[in-house]
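# A closer look at the structure
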Amino acid sequence: MHKQVKIIALLFFVTHQLVIAQEKEEDNIGTETVTVTKAYTPTVNDAFKLKSTPNMNDSIVLQKKKVGYTIFSVPVASTFTPAKGKASTVKKVAPPALFNSYASAGIGNYGNATADFYTSRTINRDERLDVGFTHNSSRGDIDGAELDNIFSDTKVNASYSKRDRDLDWGANVGVQHQLYNWYGLPVGVFDETTINGIDERQNYYMAELGGHVNVEDAFFKKADLKYRRFWDAVKSGENRVVFNTGFHFPINDETLNINAKVDFVNGVFKNENVASLTNILETKYNNFQIGINPSLTMLRDDLSLNLGINLVYGINSDGENSDSNFYIYPAITASYRLLDESVIAYGGIEGELKQNSYYDFVEENPYVSPTLTVAPTDSQYDAYIGLKGQLLPNLSYNIKGSYKAENKSPLFILNHQNNTRTDEKGYYFGNSFEVFYDDIKTLGIFAELNVDVNRNFTLGVNAAAYDRNTETGNEAWNLPDVEGSLFMDYQIGEKWFAGVNLFFVGERSDVSRVVDPNVLPENYLATMEQLDSYFDANAHVGYRYNNQLSFFIKAANIANNNYKRWANYPVQGFQILGGATYKFDL
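It should be emphasised that the depicted structure is a prediction, and the values quoted were computed from it without experimental measurement. (Residues numbered from 1 in each chain as written. Predicted model: local features only at pLDDT ≥ 70, side-chain atom pairs only at ≥ 80, totals over all residues. Heavy atoms only, no water.)

### Digging into the overall build of the protein
Helix and strand counts for the protein stand at three helices and 26 strands. Put simply, the protein has 586 residues, and 33% of those count as buried. Relative to all contacts within the protein whose residues are 6 or more apart in sequence, the contacts with residues 24 or more apart total 59%. (Helix = DSSP H or I, 4+ residues; strand = E, 2+ residues; numbered from the N terminus. Buried < 20%, exposed > 50% of the residue type's maximum accessible area, 1.4 Å probe, protein only. Contact = heavy atoms within 4.5 Å.)

### Some points on a nonpolar patch on the surface
Residues Tyr490, Ile492, Trp496, Val541, Ile553, Ile558, Phe574 and Ile576 make up a contiguous nonpolar surface patch of roughly 680 Å² in combined accessible area. Relative to the assigned elements, Ile492 resides in strand 18 (residues 482-492). (Patch = residues over 30% accessible without salt bridge, like charges linked within 9 Å, V, L, I, M, F, W, Y side chains within 5 Å. Areas by Shrake-Rupley, 256 points an atom, 1.4 Å probe, with all protein chains shown as cover. Salt bridge = Lys/Arg side-chain N within 4 Å of Asp/Glu carboxyl O.)

### What to know about the pairing of strand 23 (residues 549-556)
Relative to strand 23, strand 22 (residues 534-544) runs antiparallel, the two being bridged by six bridges. Within strand 23, the position partnered with Tyr543 by the bridge is Phe551. Where strand 22 hands over to strand 23, the hairpin turn is made up of four residues, counted between the paired strands. Sheet analysis places strand 23 next to strand 26 (residues 575-584), joined by eight bridges and oriented antiparallel. Bridge pairing in strand 26 places Phe551 opposite Ala580. (Pairing = 2+ DSSP bridges.)

### Details of the pattern of salt bridges
All chains considered together, the criterion is met by 16 salt bridges. Where Lys270 meets Glu282, a salt bridge forms, and the shortest distance between an N and an O atom there is 3.2 Å. Taken together, the residues span a long stretch of sequence, with Lys270 in the loop between strand 9 (254-269) and strand 10 (283-299) and Glu282 in the loop between strand 9 and strand 10 at a distance of 12 residues. Here Lys270 falls in the partly exposed class, since its relative accessible area comes to 40%. Within this structure, Arg240, Lys261, Asp263 and Asp360 form a network of salt bridges that share partners.

### A closer look at the environment of Gln491
Inspection of the secondary structure assignment puts Gln491 in strand 18. Distance from Gln491 to Gly542, taken between C-alpha atoms, is 9.6 Å for residues 51 residues apart in sequence. Excluding its chain neighbours within four sequence positions, the residues that come into contact with Gln491 are Asn456, Trp496, Phe497 and Arg544. Separated by 3.1 Å, the side chain of Gln491 and the backbone oxygen of Trp496 make a polar contact. Only 3.1 Å separates the side chain of Gln491 from the side chain of Arg544, close enough to count as a polar contact. (Polar contact = N/O pair within 3.5 Å; in protein donor to acceptor, adjacent residues only side chain to side chain.)

### Section: the nonpolar core
The tendency in soluble globular proteins is for nonpolar side chains to be buried side by side. Tyr358, Tyr367 and Val368 are the most contacted members of the largest nonpolar core, which totals 38 residues. Elements with a contribution of two residues or more to this core: strand 6 (201-215), strand 9, helix 3 (358-364), strand 15 (395-414) and strand 16 (433-454). The biggest single contributor to this core is helix 3, with four residues. With residues near it in sequence (within four places) discarded, Val368 still touches Trp182, Tyr204, Tyr358, Val362, Phe412, Ser432 and Phe433. Ranked by size, the runner-up nonpolar core spans five residues in total, among them Leu411, Ile440, Trp477 and Val511. (Core = buried A, V, L, I, M, F, W, Y, C linked by side-chain atoms within 4.5 Å.)

### Comments concerning the packing of aromatic side chains
Under the definition given, this model contains 33 aromatic pairs. Measuring from centroid to centroid gives 6.3 Å for Tyr204 and Tyr358, while their planes differ by 75 degrees, and the two rings are edge-to-face. Note that Tyr204 is positioned in strand 6 and Tyr358 in helix 3, a separation of 154 residues in sequence. Owing to a relative accessible area of 0%, Tyr358 belongs among the buried residues under this scheme. A connected cluster of aromatic rings, assembled from ring pairs, spans Phe151, Tyr180, Tyr183, Phe361, Tyr367, Phe412, Phe433, Trp566 and Tyr569. (Phe/Tyr/Trp six-rings, centres within 6.5 Å; stacked < 30°, edge-to-face > 60°.)

### Comments concerning the environment of Asn279
Tracing the backbone through its elements, the reader meets Asn279 in the loop between strand 9 and strand 10. By relative accessible area, Asn279 is classed as partly exposed at 28%. Distance in space between the C-alpha atoms of Asn279 and Thr422 is 8.3 Å, their sequence separation being 143 residues. Those residues in contact with Asn279 that lie beyond four places of it in its chain are Lys270, Asn271, Glu272, Arg421 and Asp423.

### Re the side chain of Arg228
With respect to the element layout, Arg228 can be found in strand 7 (residues 220-232). Here Arg228 occupies a buried position and makes no salt bridge, while the nearest side chain of opposite charge, Asp360, is found at 4.3 Å. Once residues lying within four places of it in the same chain are set aside, the contact partners of Arg228 are Met206, Ala207, Glu208, Glu238, Asn239, Arg240, Ser357, Tyr359 and Asp360. (Lys, Arg positive; Asp, Glu negative; His and termini not counted.)

### Re unusual backbone geometry
Positive phi, normally seen in glycine, also occurs at Asp217, with a value near 55 degrees. Relative to the helices and strands, Asp217 is located in the loop between strand 6 and strand 7. With a phi close to 50 degrees, Asp340 is a non-glycine residue in the positive phi region. Along the chain, Asp340 falls in the loop between strand 12 (322-339) and strand 13 (343-354).

Here it is, written out as structure tokens:
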């Protein structure tokens, strides 16, 4: 150790002297020329660093001693016993009880009565039989009506269906009986003797038979056939046969659809037009049409487009004269999502040759006379554009504007009062309606709003306004310019439920005419009839006693408005009806 100290001290002294000598030389440094004979190539030497494992030359080094140890295991008694895990229980909700049949009946003032029955039987796994019965009647006396005004509507239908792996098919049959009275006499026109001699009752009968087949995973998609026979109590009769079929051809990302239709209706009215002075000639009609509707459907991310055309060939005959025409109608529809489901724009332009029938006229107005002219309507085009969507998850809307052009559009108008007739039934006293055909162009706007607050409460409101122009310059008889409705359904807890329906129909126009055998028909006395707008409020409330039995009360025309749905036809005032519904397995 002493030797190392001496050596370090000596090196320090020598270094110090060299530094002092260098400083003295720098004080008198002169000018000197330096010639470089080799390029400077510096190198880096390893820096001095300590070795990771230095050698220890110290004579005093302690040697590690080997340590040995052992572990003594001492058992410890424990009384802890882990409990087995148990899953939390979930409250089970009983599945709703389902029944395959129900029956309902009710009775109220004005002698009103309703009855309904329905059953759906599963014959086996893929076969089903459905049977239904409905009845609605009244024996009440309407204020202001001078003739009997009872009515009855009863219908029975049954259907059979079978579903296989790739197709389903079925057949159905139905019968119907309706009883109505031409009770809409003009007020203060006829004496009591004449009124007592009027037979105002009319009976309608209907029987129909049909079948259908639908196919999956094939070019041929569907076919259905229906035959209907309709007749009344004064020997009027009508037959109608309708056949529809369709084919489906995928083409890359598009789809080609081809639909075809055959529609034939023929009938006879044994009575002549009410404006005629005599009742000798009968009226026949035979209207046949065959059509094909090819269309190409294109679906994109937000766009749905259907490009089609409707080609129809129609033949019309009255037994003596025949007329045939070929019609071409547009069949184009489209929709586009502007803002996902919030705003969807849609539009289209469509046309058709609409087949009219005696049965359809009676369904719309049961007070028509059995002396009608039945002809098809040439609906040239119905162009429309609108917006629909959901503003909120439970709020949806629909706004649409349209413009329609129709040739030979049917309108209901009061029949002439003809005191020269002596027909079996009393429909020639200005108390029945005929069909008047006119060419009409209609500009319309429609708006609808639906609210589903939750699964127990729904609310909907809609309104429509129309501006019509006719070819004859007359009013569009018995068609309102404004109409609207509101409905609401509310499930009150598990037992109670209720609903409200409100309807508004604007003013309508009609005309009454009197036959005068001494003047020309165009000079018959005519008087305009203005039908006031009306508001009709209806409501119902019900109570579920259990899963099978429930009770209900229905109220109609709550405001007790003595309005007229048709000219000279006042309706029943405030009506209330109560009944029960029972579900069961049959």
